[in-house]
Amino acid sequence: MAKITYVEFNGTEHTVEVKPGLSVMEGAIRNNIPGIDADCGGACACATCHVFVDPAWTEKVGGPSAMEESMLDFADGVQPNSRLSCQIKVRDELDGLIVKTPENQH
Amino acid sequence: MSGTDGRVVIVGAGHAGGTAAAFLRQFGWTGEIVLIGDEPLIPYHRPPLSKAWLKGEADEESLALRPADFYGEQALALRLNEQVARIDTAAHAVILSHGERVAYDRLILATGARARPLAVPGVGLQNVFSLRSAADAEGIKRALGIGRRIAIIGGGYIGLEVAASARALGAEVTVIEREARLLARVASEPLSRFFEAYHRARGVRFELGAQVAALDGTGAVEAVHLSDGRALACDAALIGVGALPNEELAREAGLTCENGVVVDEAARTSDPHIYAIGDMSCRPIALYGRRHRLESVPNAIEQARQAASDLCGKPAPAPEVPWFWSDQYDLKLQIAGLAFDVDRLVLRGDLDEARFAVFHLDARNHVQAVEAVNAPAEFMAGRQLIQQRKQVAPEKLRDMSVSMKAVAAG
Ligand SMILES: Cc1cc2nc3c(=O)[nH]c(=O)nc-3n(C[C@H](O)[C@H](O)[C@H](O)COP(=O)(O)OP(=O)(O)OC[C@H]3O[C@@H](n4cnc5c(N)ncnc54)[C@H](O)[C@@H]3O)c2cc1C
Ligand code: FES
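Now for a look at the structure at hand. (Residues numbered from 1 in each chain as written. Chains lettered and ligands numbered in written order. Predicted model: local features only at pLDDT ≥ 70, side-chain atom pairs only at ≥ 80, totals over all residues. Heavy atoms only, no water.)

### Digging into helix α6 (residues 189–201) of chain B
All names here are of chain B.
Consideration 1: Compared with the 18 Å implied by 1.5 Å per residue over 13 residues, the 18 Å span of α6 between its first and last C-alpha is a close match.
Consideration 2: Listing the buried residues of α6 in full gives Leu 191, Ser 192, Phe 194, Phe 195, Glu 196, Tyr 198 and His 199.
Consideration 3: Where the residues of α6 are buried, they touch α5 (157–168), β12 (205–208), β22 (323–328), β23 (331–337), β25 (355–361) and β26 (367–373).
Consideration 4: Looking one or two residues past α6, Gly 203 carries a phi angle of roughly 90°, positive in sign. (Helix = DSSP H or I, 4+ residues; strand = E, 2+ residues; numbered from the N terminus. Expected span 1.5 Å × (residues − 1). Buried < 20%, exposed > 50% of the residue type's maximum accessible area, 1.4 Å probe, protein only. Contact = heavy atoms within 4.5 Å.)

Here it is, written out as structure tokens:
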């Protein structure tokens, strides 16, 4: 299990255990954590699972694929540390990961 | 009932119903939430049924919207295998098929849609399927395999997705479509032609402009007879000719229905205690100044959010641009908007490279809809342009040397 902390736009923190192999998006959905909508269920088609990866973790998490990057380019409030959380697979090395959710996914 | 402590009953434990239950808790509903569904499974994703799941690339656990223990943790009373037979609007209760009454303070109807039946002889034969539920998909999966011949009646999204999945499983596929082109009601002509060519190149056969007269066989289906007298031999048939809203409960309860239960922008029906969401509802779409019945996951989620926000006294969520996706082979199709009042089409990109977008513009060059194939930037920018009602310059839109960012910036 990896501990993942989701920080809502208003600062509320949710720390949960997520099984390696699941995505960071699935970790949020399974725990009913607000701020990640995931309309397409992880098909990389909607960009409503946008998160900001904590700067201390960006290197370990890695960068987006070309497809993901094109989606992110048009997401609201995109930053260099933006990722689509359905495209981040949880691994043991990501134990402790912190991601922030944007004000709005739409 | 005061504030958020009453009992909400949700009829239909599908994508809309399951999502509404989760949002109600997320938004602070403290009262009881009862989710009643007539399927044996906890709420699940239907899109993979014609895609990853059919190909054996997804299991029951990954199909589930939320894991099984979610419902207990969130104090959501999930009643599966139970059908609601009637709504007693005067007494504020639903009546289950075995007679039990379940009282409600507020009711959310989320009964979805069902496959439109095909009125020809032989549809009751074995191995004749429609595809709406996991149980349907299970049957189709068993009937497919290397060398098996499947006739797909209806060249819509579900039919074409099953065609792609069936080819991946080594089955022989013929798609029979009444119209002269595929996706006739839901896609532009260039997109239809592109999909047809792509499927043909992967071994799918098409009968376009063909009318099915009957299915026949002894026990299981063996052939599809066309009205021109020809018979196509097959081992299985899928009927994919659209869906009808499950609105009978609502209609019998006296709610206003018109191709689905008529609702407002907060998903409220004509009864002040009842909401309706998802495929069964006919909703206003502010951007187009129209009412429409949408059949898509994003719509189910948007309306679940509207109803839950309204119930919990939260501000109404901002209106969204309707959108949809479909996966076939290595193609990712993303569609935003609705093709109302379209004056012309602008093609951006290259059909031969399977990377392009078709923009639908109205007479004043507003983007009404975009169909993007392996073109996520065009989809995302298009969705933004639709939302902003911004005019675009068609010559820039057509020009691949002008980035979508630059087009969107105007
Ligand atoms: C094969 C397939 C592929 C799809 N692919 C896509 C896609 O790629 N992208 C996309 O956006 N959308 C797709 N869709 C559409 C999407 O799945 C639907 O729009 C969505 O499921 C609608 O949610 P809903 O809750 O309104 O209906 P449903 O998910 O159908 O749920 C309704 C539920 O209510 C139950 N019910 C009905 N009547 C009663 C009753 N009287 N009592 C109790 N329960 C009742 C039904 O059995 C069902 O379980 C696809 C659909 C199918 C079938
Ligand atoms: S869930 Fe849709 S892109 Fe991540």
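### Section: the pairing of strand β11 (residues 172–177) of chain B
All names here are of chain B.
Consideration 1: Within β11, five of the six residues are buried, which leaves the element mostly enclosed by the surrounding structure.
Consideration 2: Both strand β10 (residues 149–153) and β11 contribute to a ladder of five bridges, which runs parallel. Considered in β11, the bridge of Ile 152 is made with Val 175.
Consideration 3: The parallel pair β10 and β11, bridged by α5, forms a crossover whose chirality is right-handed.
Consideration 4: Read from β11 through α6 to β12, the crossover connection turns out right-handed. (Pairing = 2+ DSSP bridges. Right-handed = clockwise from strand over helix to strand, strands pointing away.)

### As for unusual backbone geometry
Residues and elements named next belong to chain B.
Consideration 1: The phi dihedral of Asn 259 is positive, around 50°, even though this residue is not glycine.
Consideration 2: According to the relative accessible area criterion, Asn 259 is partly exposed, its value standing at 46%.
Consideration 3: Even without glycine at this site, Ala 267 takes up a positive phi of about 65°.
Consideration 4: When you line up the elements, Ala 267 lands in the loop between β18 (261–262) and β19 (274–276).
Consideration 5: For Ala 267, a relative accessible area of 0% puts it in the buried group.

### Describing the interface of chain A and chain B
Accessible area lost when the parts come together is the quantity often used to give the size of an interface.
Consideration 1: Each side of the interface is counted separately: chain A has 23 residues, and chain B has 29 residues.
Consideration 2: Summing both sides of the interface, chain A and chain B together bury roughly 2,200 Å²; the carbon and sulfur share of this comes to 56%.
Consideration 3: Of all residues in chain A, Arg 30, Asn 32 and Phe 74 of chain A give up the largest surface area on contact with chain B, accounting jointly for 34% of the area buried on that side.
Consideration 4: At the surface where chain A touches chain B, the tally comes to four salt bridges.
Consideration 5: With a closest N to O distance of 3.9 Å, Lys 405 of chain B and Asp 73 of chain A form a salt bridge.
Consideration 6: For the pair chain A and chain B, the interface holds 10 residue pairs in polar contact (both at pLDDT 80 or more).
Consideration 7: At three residues, the largest contribution of residues to the side of chain A that touches chain B is made by helix α3 (residues 66–72) of chain A. (Buried area = accessible area lost by both parts, 1.4 Å probe. Salt bridge = Lys/Arg side-chain N within 4 Å of Asp/Glu carboxyl O. Polar contact = N/O pair within 3.5 Å; in protein donor to acceptor, adjacent residues only side chain to side chain.)

### Let's talk about the pairing of strand β2 (residues 13–18) of chain A
Residues and elements named next belong to chain A.
Consideration 1: In the sheet, strand β1 (residues 2–7) pairs with β2 via six bridges, with the strands oriented antiparallel. By the bridge assignment, Thr 5 is partnered in β2 with Thr 15.
Consideration 2: Count of turn residues in the β1/β2 antiparallel hairpin: five residues, of which Gly 11 carries a positive phi of about 100°.

### Notes on the sheet that holds strand β4 (residues 82–84) of chain A
Strand pairing in a sheet is mediated by backbone hydrogen bonds. Such pairs are either parallel or antiparallel.
All names here are of chain A.
Consideration 1: Strand order in the open sheet formed by five strands is β2-β1-β5-β3-β4, with mixed pairing between adjacent strands. Both edges of this open sheet fall to β2 and β4, since each of them pairs with a single strand only. Ignoring strand direction, the axes of neighbouring strands in this sheet form an average angle of 35°.
Consideration 2: Sheet topology places β1 next to strand β5 (residues 97–100); four bridges connect them, and they run parallel. Looking at the pairing, Thr 5 lines up with Ile 98 of β5. (Axes fitted to C-alpha atoms, helices over the stretch in contact; angles between N-to-C directions.)

### What to know about the site of ligand 1
Residues and elements named next belong to chain B.
Consideration 1: Neighbouring residues of ligand 1: 32 residues in total, closest Asp 38, Glu 39, Arg 46, Lys 51 and Asp 279.
Consideration 2: In this structure, an oxygen atom belonging to ligand 1 sits 3.0 Å away from a main-chain N or O atom of Val 297.
Consideration 3: Between ligand 1 and the protein, one listed contact pairs an oxygen atom with a backbone N or O atom of Trp 325 at 2.9 Å.
Consideration 4: Against a free-state accessible area of 990 Å², the protein chains account for coverage of 94% of ligand 1.
Consideration 5: Going through the elements one at a time, α1 (15–26), α8 (297–311) and β22 are the ones with two or more residues in the shell around ligand 1.
Consideration 6: The element that contributes the greatest number of residues to the shell around ligand 1 is α8, accounting for three residues. (Near = heavy atom within 4 Å. Areas by Shrake-Rupley, 256 points an atom, 1.4 Å probe, with all protein chains shown as cover.)

### Let's talk about the nonpolar core
Consideration 1: Within the largest apolar cluster, 92 residues are counted, with the highest numbers of intra-cluster contacts made by Tyr 6 and Leu 97 of chain A together with Ile 10, Leu 24, Ile 108, Ile 277 and Phe 359 of chain B.
Consideration 2: The leading source of residues in this core is α8 of chain B, at seven residues.
Consideration 3: When near neighbours in sequence (up to four residues on either side) are disregarded, Phe 359 of chain B contacts Arg 344, Leu 345, Val 346, Arg 348, Val 367, Ala 369, Val 370, Glu 378, Gly 382, Leu 397 and Met 404 of chain B.
Consideration 4: Membership of the second largest hydrophobic core comes to 41 residues, among which are Leu 49, Ala 137, Ile 140 and Ala 354 of chain B. (Core = buried A, V, L, I, M, F, W, Y, C linked by side-chain atoms within 4.5 Å.)

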